[in-house]
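# A closer look at the structure
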Amino acid sequence: MKTVKSNELHTLASNFLPGGVNSPVRAFKAVGGRPLFIERAKGDKLYDVDGNELIDYVCSWGAMIVGHAHKDVTKALRDALENGTSYGTCTLLEVKLAKEIIEAFPSIERIRMVNSGTEATMSAIRLARGFTGRDKIIKYEGCYHGHADYLLVKAGSGGITLGIPDSSGVPDDFAKNTLVVPYNDLEATLKKVKEYKGQVAAIIVEPVAANMGIILPKEEFFKGLREICTKEEIVLIFDEVITGFRVSWGGAQKYFDVYPDLTCLGKIIGGGLPVGAFGGKKEIMEHLAPIGDVYQAGTLSGNPIAMKAGIETLKILKQPGVYKALENSAVFISKEFKKLAQKYNLPVYSTQIASLFCTFFTREQVFDYASAKKCDTKRYARFFHGMLDQGIYFAPSQFEAAFLSLAHNEHDIEKTISCADRVLQRL
Ligand code: PLP
């Protein structure tokens, strides 16, 4: 694949941006090689500066569920731009998006818009601490909740990819209130809660762990978590930044029928613009300023352009049959990958839920961070580059999800599978 111009741009970018990137996983460090510079995107395709066309299974890390540059979203944004880009005041658009989200998520009665998933989790935790008057939080090994100091403890995503799940620059004092437990381990959670009885403000969890590959929750995990939190008056926070409006119209909570006290959202609700949100029970949310004493604010929060992109994206997702179609594609591609791995006797463990899937290069079951870490990341790197050379773009790390969008059609999926056949044969 020709990458002359991308390489030149990466050299140029490295003069101005650390590592030439604005977010670490983009740098391809886990798979080797140099990042691609993308010029435009349409449907399920990315087009880079060297003229390569790529079928995109990253979808801006999940945000582009309706496909890139969807005509309805693009038109709505064009119209919205005519009205100005930011007012720093209240607008009807933020109320419309809030209402749509609240109708979709039964556990959300009040919501606040922010500008990223990181802001959403950070603010939800502050709120939980303010509400309970407690300091400690429990998080799970390998779950990623953005880059706030006290959440960069055994974090997934870029943290595992680069081998720095505990970032430097985080004082011990900031992280001392973060208790970490293995994902899917109810007993360990209960033990921590007992050990710190009356001190835990919140348990934050990804309802499908999507930042160490895709790891599904064990059946009783969430039901047990819900019971523990209710009994111990701990705020249960579902970080649905990836799963919200992806796993189902009402997120993973609706899919599993287990409801948290607070939910964090991002990605899809911004339709590709920088948005996050956190919401939940009225009695908790009303502790937020200006009604309550937990402070949280944002110059661009509820930005009209971002709200418009979110509203239009949700309109498309609300149409009947959308989630079934997304899931059918993911089930198909995931099964075909599994068959190919068997055909070539490769050690592969596949996971899939709704339109998320992951191919772990290991024969063992993956159910937490420790089992995810056993994957053969070198083999994944060869898979990644083999696919890329044929115009298929998967995440440049074993520990990220593959995302499908409504724009992934049969033809492109078939092409992906036949490319995978050639690549897996050589692995
Ligand atoms: N929470 C989860 C589950 C995420 O996957 C991410 C980002 O990938 C975040 C929070 C942070 O979101 P952002 O990158 O918008 O700050």
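Scroll up for the structure.
Residues numbered from 1 in each chain as written. Predicted model: local features only at pLDDT ≥ 70, side-chain atom pairs only at ≥ 80, totals over all residues. Heavy atoms only, no water.

### Concerning the overall build of the chain
Helix and strand counts for the chain come out as 15 helices and 14 strands. Computed over its C-alpha atoms, the radius of gyration of the chain comes to 21 Å, within 12% of the 22 Å expected for a compact globule of 427 residues. Principal-axis analysis of the C-alpha atoms gives the chain an extent of 55 × 55 × 45 Å. With 427 residues in all, the chain has 57% of them scored as buried. Considering only residue pairs separated by 6 or more positions, the chain has 72% of its internal contacts joining residues 24 or more positions apart. (Helix = DSSP H or I, 4+ residues; strand = E, 2+ residues; numbered from the N terminus. Rg over C-alpha atoms; globule rule 2.2 N^0.38 Å. Buried < 20%, exposed > 50% of the residue type's maximum accessible area, 1.4 Å probe, protein only. Contact = heavy atoms within 4.5 Å.)

### Section: the site of the ligand
For the ligand, the full set of nearby residues is Ser116, Gly117, Thr118, Tyr144, His145, Gly146, Glu206, Asn211, Asp239, Val241, Ile242 and Lys267. Between an oxygen atom of the ligand and a main-chain N or O atom of Gly117, the distance comes to 2.9 Å. Between the ligand and Asp239, the relevant distance is 2.6 Å, taken from a nitrogen atom to a side-chain nitrogen or oxygen of the residue. Taken by itself the ligand offers 390 Å² of open surface, and the protein chains cover 82% of this. Residues that form the shell around the ligand fall into these classes: 3 nonpolar, 6 polar and 3 charged. (Near = heavy atom within 4 Å. Polar contact = N/O pair within 3.5 Å; in protein donor to acceptor, adjacent residues only side chain to side chain. Areas by Shrake-Rupley, 256 points an atom, 1.4 Å probe, with all protein chains shown as cover. Nonpolar A, V, L, I, M, F, W, Y, C, P; charged D, E, K, R; others polar.)

### Points about the packing of aromatic side chains
Any two aromatic rings considered together are summarised by their centre-to-centre distance and by the angle between their planes. All told, the structure shown has 21 aromatic pairs when counted by the stated rule. Taking the centre distance of 5.1 Å and the plane angle of 75° together, the rings of Tyr255 and Phe256 count as edge-to-face. Under the relative-accessibility criterion, Tyr255 is labelled partly exposed at 39%. Between the aromatic rings of Phe384 and Tyr393, the centroid separation amounts to 6.4 Å while the plane-to-plane angle is 65°, which identifies the pairing as edge-to-face. (Phe/Tyr/Trp six-rings, centres within 6.5 Å; stacked < 30°, edge-to-face > 60°.)

### Considering the pattern of salt bridges
Applying the stated criterion to the full structure yields 18 salt bridges. Asp44 serves as the salt-bridge partner of Lys45, at 3.5 Å between the closest nitrogen and oxygen. For the residue pair Lys45 and Asp44, the accessibility class agrees, reading buried in each case. Here Lys231 ties to Glu232 by a salt bridge, and the two come within 3.7 Å at their closest N and O atoms. Residue Lys231 is classed as exposed on the basis of its relative accessible area of 69%. (Salt bridge = Lys/Arg side-chain N within 4 Å of Asp/Glu carboxyl O.)

### A look at the sheet that holds strand β3 (residues 53-56)
Judged by pairing direction, the sheet is mixed, and its 4 strands sit side by side in the order β1-β2-β3-β13 without closing on themselves. Strands with a single pairing partner mark the edges of an open sheet, and in this sheet they are β1 (38-42) and β13 (392-393). Where β1 lies against strand β2 (residues 45-48), 4 bridges are found, and the strand directions are antiparallel. Bridge pairing in β2 links Arg40 to Tyr47. (Pairing = 2+ DSSP bridges.)

### Focus on the sheet that holds strand β5 (residues 136-140)
Pairing is mixed across the open sheet formed by 7 strands, whose spatial order is β4-β10-β9-β8-β7-β5-β6. Looking at the sheet topology across the chains shown, the edges are occupied by β4 (110-114) and β6 (178-181). Averaged over all pairs of adjacent strands, the angle between their axes in this sheet comes to 20°, without regard to strand direction. In this structure, strand β9 (residues 262-266) lies alongside strand β10 (residues 276-280), joined through 5 bridges in antiparallel fashion. Bridge pairing links Cys264 to Phe278 in β10. On top of the sheet, helix α8 (residues 219-232) reaches β5, β7 (200-205) and β8 (235-239); it is set at about 165° to β7, its chief contact. (Axes fitted to C-alpha atoms, helices over the stretch in contact; angles between N-to-C directions.)

### Observations regarding the environment of Lys318
Within the secondary structure, Lys318 sits in the loop between α11 (304-317) and α12 (322-343). The exposure class of Lys318 is partly exposed, given its relative accessible area of 46%. Linking Lys318 and Ala69, residues 249 residues apart in sequence, is a C-alpha distance of 18 Å. Leaving out residues up to four positions away in the same chain, Lys318 has contacts with Glu100 and Trp249. Separated by 3.1 Å, the side chains of Lys318 and Glu100 make a polar contact.

### Some details on the environment of Ala209
Residue position: Ala209 is located in the loop between β7 and α8. On the accessibility criterion, Ala209 (0% relative accessible area) is buried. Spatially, the C-alpha atom of Ala209 lies 8.1 Å from that of Tyr183, the residues being 26 residues apart in sequence. Contact partners of Ala209, with chain neighbours within four places excluded, come to Cys143, Tyr183, Ile214 and Ile215.

### Structural notes on the pairing of β9
Across the 5 residues of β9, 5 count as buried, placing the element largely inside the fold. Judged by which residues are buried, β9 turns out to be covered on both faces: Leu262, Cys264 and Gly266 on one side and Thr263 and Leu265 on the other are all buried. Relative to β9, β8 is paired through 3 bridges, and the arrangement is parallel. What sits directly across from Phe238, in β9, is Thr263. Tracing the backbone out of β8, into helix α9 (residues 251-256) and back to the parallel element β9 gives a crossover that is right-handed. (Right-handed = clockwise from strand over helix to strand, strands pointing away.)

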